[in-house]
Amino acid sequence: LWSGRRCRGGGSLPTPVCSRSRVAAPGSVNMVQESAFTTDSLRNAPPISSKQDAPTKAELRPTSFELDYVDEHTSFNENNPPSEAELKLIGGRCDWGKEDLFNSPFWGLELTPTDLKEIESALAFCKANGLELQDGWQPLNVTQENFPLPTLGEKLKLVAVELEEGRGACMIKNMPIDDYSIEDLGVVYAGVNSYIGHWVPQSSAGLRSKSRGYGLPLGKVQAEMRGNTPMGGKQANNYFRLHTDRCDVITLMCVRKASQGGASRVCSAARIHNTMLKEHPAECARLYRPYTRIWEGANGCFSMPIWAVHKGKMTTQVSPSYIENAQVLERVPKLSEQEIEAVDLIEEVGLRESVEFVMEPGMVYWLNNHVVYHGRDAWKFVDKVEAEATHSKNDRLMLRMWLSPYNSREIPDTDVYKLVWGATESGVPRGGLEPAEKSGLTPKAPELVKAIEAGTYQYYGLYKRKYGVDANTL
């Protein structure tokens, strides 16, 4: 949340807010850079593969021995986890802090009038050439061929490069949401994303909610109830810890923001890793070993490391709620205090290192789940009765898609990665719901359903550190 500084593109930028949990006042500017969205400006950005932003070994961990960086010969996975002494730093531009993202030419891009006209023309062309909508709003067959973006498409391909080889986080600040219906917005969103990667059907091991996009290309992230623990397959207005989704890239587009709360957070997973390597090396090493978490596929759960490195590139998969969900299952071994502490530290370190901002209507971001975590604060929930009485809308609404970029990284070729991702080679559709379907879908565990209904399970109750506002008060 910034205002009052000049940036490279000539616009004004905000001054930082000291408290991480506060949101912008009405009319304030979010932490985005005014950056002209041109192919020349993006191509003139710092080299994508540069390690110039990596912290020095002395800065990161002043010890009596030097730490090495991972290189193309480094691979750590569940079959070959590093010991504490074997840990290595994650280098490159995926290790970033707040100012690094703030100064990125890919964060806060602004569509030009030409770009907006191309989107308008592409939507009309797509609707006239066999557009298929499921349930009236799910776009099933939007491609580069039926959603032509000759100029904007080339810029989006550079965004895909930054997602894979750079910081792993990109944002456009002015998608034209006021110009289209929610149904047309979904088509526009799918069309833009077709230039970055394949869409994959979304999963939701906890809710399995169609409104959230379970098994579909497009999801609506919105509150359907008030509370800290989602129940009955409904989305809640609750705080989310830093996490990844089960796909290569997650993208969110803001249609409406909350009247109170609902700030978003993004953080470099590599920065958390390297900070933990300095401050908590034993816990850092533990995260390279498997943790059991729930899913919809075979056996209802799987065990995978939170961190891995494959041929010098990091990959991470973490969902604190799914890990604690698995702890309710009778057949899953109970985690030790150190194992829980290691997961808990991700949030503690991540909140120090993360960028927090309010998603304004028209903002759309893309995050590479292999190197970037995201989370959110609780927000004010408006139920239908209150909305009708006050003539207001149900506040915060995001559209969400899961993508497999055409230039995605190769990931570990081990049994669990093949089970959960479906494919481990680069550039192919993978992740999401389809691998779970292939393995055989499993109903939610009865003991977990019973614990949620009885109120004996509390969201994030496994962890000793407590964060965020009580969603029941909003």
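Located above this text is the structure these notes cover.
Residues numbered from 1 in each chain as written. Predicted model: local features only at pLDDT ≥ 70, side-chain atom pairs only at ≥ 80, totals over all residues. Heavy atoms only, no water.

**With respect to unusual backbone geometry**
- One non-glycine residue, Asn299, lies in positive phi territory at about 70 degrees.
- Structurally, Asn299 is set in the loop between β13 (290-294) and β14 (301-305).
- For Asn299, a relative accessible area of 60% puts it in the exposed group.
- Notably, Tyr460 is not glycine yet its phi reads approximately 65 degrees, a positive angle.
- If you trace the backbone, Tyr460 turns up in the segment after α14 (446-454).
- With relative accessibility at 10%, the residue Tyr460 sits in the buried group. (Helix = DSSP H or I, 4+ residues; strand = E, 2+ residues; numbered from the N terminus. Buried < 20%, exposed > 50% of the residue type's maximum accessible area, 1.4 Å probe, protein only.)

**Points about the environment of Arg289**
- With respect to the element layout, Arg289 can be found in the loop between α8 (281-286) and β13.
- Overall, the relative accessible area of 36% leaves Arg289 in the partly exposed class.
- Those residues in contact with Arg289 that lie beyond four places of it in its chain are Pro81, Pro82, Met304, Pro305 and Ile306. (Contact = heavy atoms within 4.5 Å.)

**A few points about the pairing of strand β18 (residues 364-368)**
- For β18, the tally of buried residues reaches 5 of 5 residues, placing the bulk of the element in the interior.
- Going residue by residue along β18, you find Val364, Trp366 and Asn368 tucked away on one face and Tyr365 and Leu367 tucked away on the opposite face as well.
- The pairing of strand β7 (residues 169-172) with β18 spans 4 bridges and is antiparallel. Paired with Met171 across the bridge in β18 is Tyr365. (Pairing = 2+ DSSP bridges.)

**Focus on the pattern of salt bridges**
- Enumeration over the complete set of coordinates arrives at 27 salt bridges.
- In this structure, Lys313 engages Glu164 in a salt bridge whose closest nitrogen and oxygen atoms are separated by 2.7 Å. Separated by 149 residues along the polypeptide, Lys313 in strand β16 (residues 313-316) and Glu164 in helix α5 (residues 152-165) bring together distant segments of the chain.
- The class for Lys313 is partly exposed, based on a relative accessible area of 25%.
- Across the salt bridge formed by Glu165 and Lys313, the nearest N and O atoms sit 3.1 Å from each other. A residue pair is termed long-range when its members are at least 10 positions apart, and Glu165 in helix α5 and Lys313 in strand β16 qualify at 148 residues.
- Salt bridges sharing partners connect three or more residues here, namely Arg241, Glu341, Asp344, Glu348, Lys464 and Arg465. (Salt bridge = Lys/Arg side-chain N within 4 Å of Asp/Glu carboxyl O.)

**Brief notes about the environment of Leu367**
- Note that Leu367 resides in strand β18.
- Sequence separation between Leu367 and Met171 is 196 residues, and the spatial gap between their C-alpha atoms is 8.9 Å.

**Considering α5**
- Between its first and last C-alpha, α5 extends 20 Å over 14 residues, near the 20 Å set by a 1.5 Å rise per residue.
- Burial within α5 is extensive, with 10 of its 14 residues counted as buried. (Expected span 1.5 Å × (residues − 1).)

**Quick look at the sheet that holds strand β17 (residues 355-357)**
- Here we have 4 strands laid out as an open sheet, ordered β10-β19-β12-β17, and antiparallel in their pairing. Looking at strand neighbours, the two that pair on one side only are β10 (240-243) and β17, the edges of this open sheet. Averaged over all adjacent pairs, the angle separating strand axes in this sheet is 15 degrees, with direction ignored.
- Relative to β17, strand β12 (residues 264-268) runs antiparallel, the two sharing 3 bridges. When the sheet's bridge partners are listed, Arg265 is paired in β17 with Glu356.
- The strands touched by helix α7 (residues 269-279) are β10, β12 and β19 (372-376); relative to β12, the strand with the most contacts, the crossing angle is about 60 degrees.
- Contacts from helix α10 (residues 337-353) reach β10, β12, β17 and β19 within the one sheet, and its direction differs from that of β10 by about 90 degrees. (Axes fitted to C-alpha atoms, helices over the stretch in contact; angles between N-to-C directions.)

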